[in-house]
Amino acid sequence: MADAGEGLAHPGPEILDAVVRHLESAWPLEGCGVVLRQGARGPWRCRPLRNALAARDAYAFDPAEWLGVLREADARGEHLMWVFHSHVSGDGDAGFSREDRRQAAPGGEPLLPGVSYLVMALRHGRVTARRLFRWEGKDFQPVEIP
């Protein structure tokens, strides 16, 4: 997992572009995936995942696929930096919803300490807003994305 300072680092635009492409291709369903980084200063990698729920208002990683990603990342010396997903229904908000918080911090503690969450809102199949959230204190707070 990432250490406290690494979650504030940001990948280059090519990684964000890969996230956007995946989320737009998943529309009208929610898309999801992770962003990994090799070591403290190594390259970043976008790893799209299938939304096992195939839903417009929720996502979940397929357990077998998720285990494969974790094994692959371990073999490559990568660690998890961001979990990403889209919001495709409602008013196009890229906020961290109550359900997002419940899934990311069951029992009030982060499930993946040091990992940030990127939410992108889509309207008519195109990303219209994005926000990154990081656990600070007792809740997820928005942090800057260049």
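Use the structure listed above.
Note on numbering: residues in each chain are counted from 1, in written sequence order. Selection of residues for local features in this predicted model requires a pLDDT of at least 70, selection of side-chain atom pairs for listing and counting requires 80 or more, and totals for whole chains, interfaces and linings are taken over all residues. Note: side-chain values were computed over all heavy atoms of the structure, leaving out hydrogens and water.

*Asks:* Mind showing me how you'd approach the layout of surface pockets here?
*Replies:* The method works on a 1 Å grid over the protein atoms by themselves. A cavity is a set of points holding a 1.4 Å probe that cannot get out, a pocket is an open set with protein on both sides within 12 Å along at least five of seven lines, and residues with an atom within 4 Å of a point line them. Grid points are joined across faces, edges and corners, and a volume is the space filled by probe spheres set on the points. The space that makes up the largest pocket amounts to roughly 490 Å³. For the lining of the largest pocket, the element with the most residues is helix α3 (residues 98-104), which contributes 4 residues. Ten residue types, Ala, Val, Leu, Ile, Met, Phe, Trp, Tyr, Cys and Pro, are classed as nonpolar, four, Asp, Glu, Lys and Arg, as charged, and the remainder, Gly among them, as polar. Across the lining of the largest pocket, the residue classes tally to 14 nonpolar, 5 polar and 8 charged. The secondary structure listing takes helices from DSSP runs of H or I that are at least 4 residues long and strands from runs of E that are at least 2 residues long, numbered from the N terminus.

*Asks:* What exactly am I supposed to notice about the pairing of strand β4 (residues 116-123) here?
*Replies:* It is a general feature of regular strands that their side chains alternate between the two faces of the sheet. Relative accessibility decides the category of a residue: with a 1.4 Å probe and only protein chains considered, values under 20% of the type maximum give buried, values over 50% give exposed, and everything between is partly exposed. Taking burial as the measure, the 8 residues of β4 include 7 buried ones, the bulk of the element. Pairs of strands are assigned from DSSP output, requiring at least two bridges between the strands. Pairing of strand β3 (residues 78-87) with β4, which is carried by 6 bridges, proceeds in the parallel orientation. Paired with His 87 across the strands is Ala 121, a residue of β4. Counting the residues that bridge the hairpin from β4 to strand β5 (residues 126-136) gives 2 residues, and of these His 124 lies at a positive phi of roughly 55 degrees.

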